[in-house]
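Take a look at the letters that make up each chain.
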Amino acid sequence: MSLETVSTNRSHGGTQGVYRHASAETGTPMTFSVFVPDHAPGAKLPVLWYLSGLTCTHANVTEKGEFREACARHGVVFIAPDTSPRGDDVPDDEAYDFGKGAGFYVDATEQPWAVNFRMRSYIERELPDLVTREFPVDMARQGITGHSMGGHGALTVALRNPGRFRSVSAFAPIVSPLACSWGDKALTGYLGPDRAAWREYDACALIADGARLSDLLVDQGTADGFLDDQLKTALLVEACEAAGQPATIRMQDGYDHSYYFISTFLPEHVAWHAERLRA
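(A) The packing of aromatic side chains, seen in detail. Tallied over the entire structure, the rule returns 16 aromatic pairs. Judged by centre distance (5.4 Å) and plane angle (25°), the rings of phenylalanine 117 and tyrosine 190 are stacked. One end of the pair, phenylalanine 117, is in the loop between β5 (77–81) and α3 (119–134); the other, tyrosine 190, is in helix α5 (residues 181–191), and 73 residues separate them in sequence. As far as the burial class goes, phenylalanine 117 and tyrosine 190 line up, both buried. Within the aromatic cluster, the residues linked to one another by ring pairs are Phe35, Tyr50, Phe67 and Phe78. The side chain of arginine 68 reaches across the aromatic face of phenylalanine 67, ending 4.8 Å from its centre.

Structure, rendered in structure tokens:
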């Protein structure tokens, strides 16, 4: 896998890069961004993964997340992958909540999606292997976070991979695809009608089935128009309380689903992760 540099820019005492490579998992070119703070030669830095939401690419958080000052201050590499495969030959859907931009971080089993929509394997295996080879990262010190569909991705990736991530957080996550129309549409399309097969992609179900995190931080805006019908934060509160899963789940008064919300609290999340990612 050769790595192509799309762009690099100096920012906050570090380098913000955008990169592209040919993915074996998706069968397409994949683009992602990496911010690397300045560091001593030979040093390996902790890494924070950020998974984006529906309709987004790596660019949304890279351009609007306001994370770089905090990452530079705490010495944390910040990595933002895309949300789905891209390209003229990749199947798509007219709706915003399925197809390109809406990979839901699953490995699809249904046609025509199964060939390209392998975002679980891409995020869990292929991209980390590439990042390990190409960037100064200490993969023993990883955290993960994400927004909305990406919050769903962050929670489920971490719950399925115990011990991989020292820290896990999310912004307005879809906490239970089994219990919302976004999830019902996406998981039916990608995985088929057997809802039992969906449980490994549902944070509340994974917690109920015994998966655990060392800790969890979630921020959710009270003015988020998707809160009641799609995100259903209360279900995560109930699941964590029933299972004894440590979690700080904060309802932020007046905040919506946008990057105005995310950028307000993302530096605080970076600091929270950095504290748990110290050597």
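(B) View of the sheet that holds strand β9 (residues 248–252). Within the open sheet, the 9 strands sit side by side as β1-β2-β3-β5-β4-β6-β7-β8-β9. Their pairing is mixed. In this open sheet, the two edge strands, each paired with only one partner strand, are β1 (3–11) and β9. The average undirected angle you get between the axes of adjacent strands in this sheet is 20°. Two strands pair when backbone bridges link them, and strand β2 (residues 14–22) and strand β3 (residues 29–37) are joined in this way by 9 bridges, in the antiparallel orientation.

(C) Inspection of the pattern of salt bridges at higher detail. Within the structure shown, the criterion is met by 18 salt bridges. Here arginine 10 makes a salt bridge to aspartate 38, at a shortest N to O gap of 2.8 Å. With arginine 10 in strand β1 and aspartate 38 in the loop between β3 and β4 (45–51), the pair connects residues that are 28 residues apart, well separated along the chain. Judged by its relative accessible area of 47%, aspartate 38 falls in the partly exposed class. Between arginine 118 and aspartate 107 there is a salt bridge, and its shortest N-O distance comes to 3.6 Å. Here arginine 118 is found in the loop between β5 and α3, whereas its partner aspartate 107 is found in the loop between β5 and α3, with 11 residues between them in sequence. Judged by its relative accessible area of 14%, aspartate 107 falls in the buried class. Where salt bridges share partners, they join Glu25, Asp107, Arg118 and Arg125 into one cluster.

(D) Representation of the layout of surface pockets in the model. One number sums up the size of the largest pocket: a volume of about 180 Å³. Taken together, 14 residues line the largest pocket, and the ones lying closest to its centre are Leu54, Thr55, Cys56, His147 and His257. Considering only residue class, the lining of the largest pocket consists of 6 nonpolar, 7 polar and 1 charged.

(E) Representation of unusual backbone geometry within the structure. Look at the link from glutamine 111 to proline 112: it is a cis peptide, with omega at 0°. By secondary structure assignment, the location of proline 112 is in the loop between β5 and α3. Phi angles above zero are rare outside glycine, and tyrosine 105 is one such case at about 55°. Relative to the assigned elements, tyrosine 105 resides in the loop between β5 and α3.

Cut-offs and rules
- Position numbers for residues count from 1 along each chain, tracking the sequence in the order it is written.
- Predicted model: local features are reported for residues with pLDDT of at least 70 only, side-chain atom pairs are reported and counted for 80 or more only, and whole-chain, interface and lining totals are derived from all residues.
- As a convention, hydrogens and water are excluded, and side-chain values are obtained from all of the structure's heavy atoms.
- Geometry of aromatic contacts follows a simple scheme: Phe, Tyr and Trp rings, the Trp one being its six-membered ring, pair when their centres are within 6.5 Å, and the pair is stacked under 30 degrees between planes, edge-to-face over 60, tilted otherwise.
- Comment: elements are numbered from the N terminus, with helices defined as DSSP H or I runs of at least four residues and strands as E runs of at least two.
- Residue exposure (1.4 Å probe, protein chains only): buried if accessible area is under 20% of the type maximum, exposed if over 50%, otherwise partly exposed.
- In this scheme, the term charge over a ring applies when either NZ of a lysine or CZ of an arginine sits within 6 Å of the ring centre and within 35 degrees of the ring normal.
- Pairs of strands are assigned from DSSP output, requiring at least two bridges between the strands.
- Orientation is described by lines fitted to C-alpha atoms, with helices fitted over the stretch in contact, and by angles between N-to-C directions that extend from 0 to 180 degrees.
- One speaks of a salt bridge when a side-chain nitrogen belonging to Lys or Arg is within 4 Å of a carboxyl oxygen belonging to Asp or Glu.
- Throughout, the protein atoms alone are placed on a 1 Å grid, and a set of points is a cavity if a 1.4 Å probe fits but cannot get out or a pocket if it is open with protein on both sides within 12 Å along at least five of seven lines; lining residues have an atom within 4 Å of a point.
- Grid points are joined across faces, edges and corners, and a volume is the space filled by probe spheres set on the points.
- Think of it as three bins: nonpolar holds Ala, Val, Leu, Ile, Met, Phe, Trp, Tyr, Cys and Pro, charged holds Asp, Glu, Lys and Arg, and polar takes everything else, Gly as well.

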